[in-house]
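Results of the structural survey
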Amino acid sequence: KHSAPTDTYLGYFSYGTQDNIVGFRFRRCGSYFIEVNGQVLTCPAYNPPSSWVHFLITWSNIKGEAAWWVDGAKHCSGILKKGDTIKKGGNFTLGIATISWDPIDGWDHHNYRGNMAYVN
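Quick notes on the rules
- Residues numbered from 1 in each chain as written.
- Predicted model: local features only at pLDDT ≥ 70, side-chain atom pairs only at ≥ 80, totals over all residues.
- Heavy atoms only, no water.
- Pairing = 2+ DSSP bridges.
- Helix = DSSP H or I, 4+ residues; strand = E, 2+ residues; numbered from the N terminus.
- Disulfide = S-S within 2.5 Å.
- Buried < 20%, exposed > 50% of the residue type's maximum accessible area, 1.4 Å probe, protein only.
- pLDDT = per-residue confidence, 0-100.
- Contact = heavy atoms within 4.5 Å.
- Polar contact = N/O pair within 3.5 Å; in protein donor to acceptor, adjacent residues only side chain to side chain.

In this sheet, strand β3 (residues 31–36) lies alongside strand β2 (residues 24–29) in antiparallel orientation, the contact comprising six bridges. Note on β3: the bridge partner recorded for R27 is F33.

Spelled out as structure tokens, the structure:
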């Protein structure tokens, strides 16, 4: 008998190199997370309406300021990796697969399902 997954991960976008798989990432696993070179800023959960929502993620390596904006309003902010840099020469990925952890079967990968528009 299989139990329901205990943890689900959804990555909206990420950037990484061979040496550093996760240089920058915005993901959801219950709460939302902004990650820079291994340091994580946890943001409160957000339940989007059924209509389109605009997300903006910012990070300044000079001051370390990271923020998540939803429809033009700051939803979460904090300091991440002040003075750090993200290595060049990596890959930027949109719509990473949903990954669930099942205590019996282990990691289960699913395709991303959703819509993204005007990414820049």
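Now that the structure has been shown, the text picks up again.
The next thing to look at is the pairing of strand β6 (residues 65–70). Where strand β5 (residues 55–59) lies against β6, five bridges are found, and the strand directions are antiparallel. Note that in β6 the partner of I57 across the bridge is W68. Turn length for the β5-β6 hairpin, with the two strands adjacent in sequence and antiparallel, is five residues, and the turn residue G64 shows positive phi of about 80°. Here β6 folds back onto strand β7 (residues 73–79) in antiparallel fashion, the turn holding two residues, of which D71 has a positive phi close to 50°.

This part is about the state of the cysteines. For the structure shown, the criterion picks out one disulfide. Sulfur-sulfur distance for the disulfide between C43 and C76 comes to 2.3 Å. With the S-S bond torsion at -75°, the cross-link from C43 to C76 turns out left-handed. Of the two residues, C43 is situated in strand β4 (residues 39–43) and C76 in strand β7; the sequence distance between them amounts to 33 residues. According to the relative accessible area criterion, C76 is buried, its value standing at 8%.

Mean pLDDT over the chain works out to 77, with 70% of the residues at or above the 70 mark. Between residues 1–7, whose pLDDT stays under 50, and residues either more than four places distant or in other chains, the model counts 16 contacts.

Another point: the side chain of R25. If you trace the backbone, R25 turns up in strand β2. Among the polar contacts made by the side chain of R25, one reaches the side chain of E35 at a distance of 2.6 Å.

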